[in-house]
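Summary of structural features
Chain by chain, the residues run as shown.
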Amino acid sequence: MTVVTCLKPSVCAERLYPHDAAYMARTDLEQMRMTGVKAVTLDAVTALLLGLLGRRPTVRHRAGVTDEILGLLDRAGLEITEDMRVYETFEGAARHADRLIDEGYRIFSPYPLPKGRIPDRAQLVAPELWASLNAKQNLHRIVPRENLAPSRIAALADLSSAAFERPVFLKAGGEAATGAGYAVRYCADEVQWKGALEWFRSFDDIDRLIVEDAVPHQTCWCVTFVVEPTRTTYIGAAEQLFSAPGRQSGSMIDPARPFPRKGRELVIAVGEAARKRGYVGLAGLDVALADDGGLIVFDPNFRFNASSTQVLFHEAAASRDDLAASCSAHAATPLPFETIRRRIEGPIDDGWFVPTRLLDARWLPSAEGLSMCTGFVLGKDRREALMRSDAFKALLEV
């Protein structure tokens, strides 16, 4: 059994966000329409970043912060000292947001908040800037041309009559929030090309697409960095695992496949370009190592990312028992939460599973009876980490 000590993130809470920042992520489905999420995600997202925000105020749904859940996170070594405001309904979250603004805090969230609900002045990053930085069509404004895949922007109506020419990724144009590869379609042939165009036509507000060459590459990482008022700092990177081109299935941190050192300068330069425009906080970039040795930036993520927590806690978790590699882990299960608790306590105590978000479906009708268990598993190498990923999934099967 591993002695579970406090997990200290690789960058302290004081540097991740300004002192007057408060986490309030409860938004609506209109803002999330291009991410493909269900209603449960609107509240599940409020349970992210636990153990990373120090004493800052947070607004969190009760389903993710019950005494039982907080006890499990503490058992895993997460130190949670935040000023937590708990809600159960959207109206409750909105009231907490109003109070935080009255107290002088600025709100931050990984996705846009309901239109007109939070004044621009009360948001850590102005909505207009957030939308501009996260729009894939604007990457050329902050990334050097040599680090971009060849691409063009075309009207969807014009593409409907165009023939397939070569493997490409079709990506939604515009500045609507996207994520999880939902608004991206890989086209390797004529059939996929026509199917992707038909899919994009099903959205009323998509009239332009980015047509991006599918650049052959060896590995792709989601790189995490933090933009402070006076500097940008590289934090780390997690290799992206894919079930299919453009469909990410998880994240791996493997010392045998490190993010190229030359990429750090690129990431910092991009972060600095965003900082000069007014951005502050955690951020990420999807960066690939092309077959020709070049680095290609595919996606801007000026928000914290799915792998950010894993990246920030990896070093501390890996050092507890000489476990070098980590792999993301997630399960949604109908098991009673008491059963979930009993099944994950052993892996937590043994040091190979670190929970970072737990959700008890009893407190959240939109979960439709499925509780969530999210975190990362560790192994001495990539092979063992993948084996433990499978073991984690089996652990929570009915």
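This section reports on the structure supplied with the text. Since we're looking at a predicted model, the values are computed, not measured. Residue numbers restart at each chain and count upward from 1, following the sequence in its written direction. This being a predicted model, a pLDDT of at least 70 is required before a residue's local features are given, and a value of 80 or more before pairs of side-chain atoms are given or counted; all residues contribute to the totals for chains, interfaces and linings. The side-chain quantities take in all heavy atoms of the structure and omit both hydrogens and water.

Strands here mean DSSP runs of E at least two residues long; helices mean DSSP runs of H or I at least four residues long; both are numbered from the N terminus. Scanning the protein from N- to C-terminus turns up eleven helices and 16 strands. Against the globule reference of 21 Å for 398 residues, the protein gives a C-alpha radius of gyration of 21 Å, in line with a compact fold. By principal-axis analysis of the C-alpha atoms, the protein measures approximately 60 × 50 × 45 Å. When accessible area is computed with a 1.4 Å probe and restricted to protein chains, residues below 20% of their type maximum are described as buried, those above 50% as exposed, and intermediate ones as partly exposed. With 398 residues in all, the protein has 58% of them scored as buried. The criterion used for residue contact is that any of the two residues' heavy atoms lie within 4.5 Å. Look at the contacts in the protein between residues 6 or more apart in sequence, and 72% of them connect residues 24 or more apart. When the accessible surface of the protein is summed, it comes to about 17,300 Å², and 50% of that surface belongs to carbon and sulfur atoms. The reference for a compact globule is 2.2 Å times residues^0.38; the radius of gyration itself is calculated from the C-alpha atoms. The Shrake-Rupley method, run with a 1.4 Å probe sphere, supplies the accessible areas, and residue values consider only the shown protein chains as cover.

Among the secondary structure elements, Asp-213 is positioned in strand S8 (residues 208–213). Residue class for Asp-213 comes out buried when judged on its relative accessible area of 18%. The term polar contact refers here to a pair of N or O atoms within 3.5 Å; inside protein, the definition further demands a hydrogen-donor-capable atom paired with an acceptor-capable atom, and it admits residues adjacent in sequence only when both atoms are side-chain atoms. Here Arg-166 takes part through its side chain, which lies 3.1 Å from a polar atom of the side chain of Asp-213.

For the rest of this paragraph, the subject is unusual backbone geometry. Of note in the backbone geometry, Leu-49 takes a positive phi value of approximately 70° without being a glycine. Considering the arrangement of structural elements, one finds Leu-49 in the loop between helix H2 (39–44) and strand S2 (57–61). The residue Asp-322 is not glycine, and still its phi comes out positive at about 55°. Relative to the elements of secondary structure, Asp-322 occurs in the loop between helix H9 (308–319) and strand S14 (325–333). We classify Asp-322 as exposed; its relative accessible area is 67%.

In this scheme, strands are said to pair when DSSP sees at least two bridges between them. The eight strands lie next to each other as S13-S12-S9-S10-S11-S14-S16-S15, forming an open sheet whose pairing is antiparallel. Strands with a single pairing partner mark the edges of an open sheet, and in this sheet they are strand S13 (295–301) and strand S15 (353–359). Direction aside, the axes of adjacent strands within the sheet are offset by 30° on average. Sheet topology note: the strand S10 (residues 232–244)/strand S11 (residues 247–253) ladder contains five bridges and is antiparallel. If you follow Phe-242 over to S11, its bridge partner there is Gln-248. Only the contacting stretch of a helix is used when fitting its axis, a line to C-alpha atoms as for every element, and angles between N-to-C directions run 0 to 180 degrees.

Only the six-membered ring of Trp is used, alongside the rings of Phe and Tyr, when aromatic pairs are assigned; centres must lie within 6.5 Å, and planes under 30 degrees apart are stacked while those over 60 apart are edge-to-face, with the rest tilted. Applying the stated rule across the entire model yields 14 aromatic pairs. Summarising the aromatic geometry, the rings of Tyr-279 and Phe-302 are spaced 5.3 Å apart at their centres and angled 75° between planes, so their arrangement reads as edge-to-face. Taken together, the residues Tyr-279 in the loop between helix H8 (261–276) and strand S12 (281–290) and Phe-302 in the loop between S13 and H9 connect sequence positions 23 residues apart. Residue Tyr-279 is classed as buried on the basis of its relative accessible area, which comes to 4%. On the accessibility criterion, Phe-302 (1% relative accessible area) is buried. Site record: aromatic cluster; members linked through ring pairs are Tyr-17, Tyr-23, Phe-108 and Phe-304. Whether a charge sits over a ring comes down to the Lys NZ or Arg CZ being within 6 Å of the ring centre and within 35 degrees of the ring normal. In this arrangement the basic side chain of Arg-62 is found over the ring face of Trp-363, its NZ or CZ atom lying 5.8 Å from the centre. Taking the ring centre of Trp-199 as reference, the NZ or CZ of Arg-185 above it sits at 3.8 Å.

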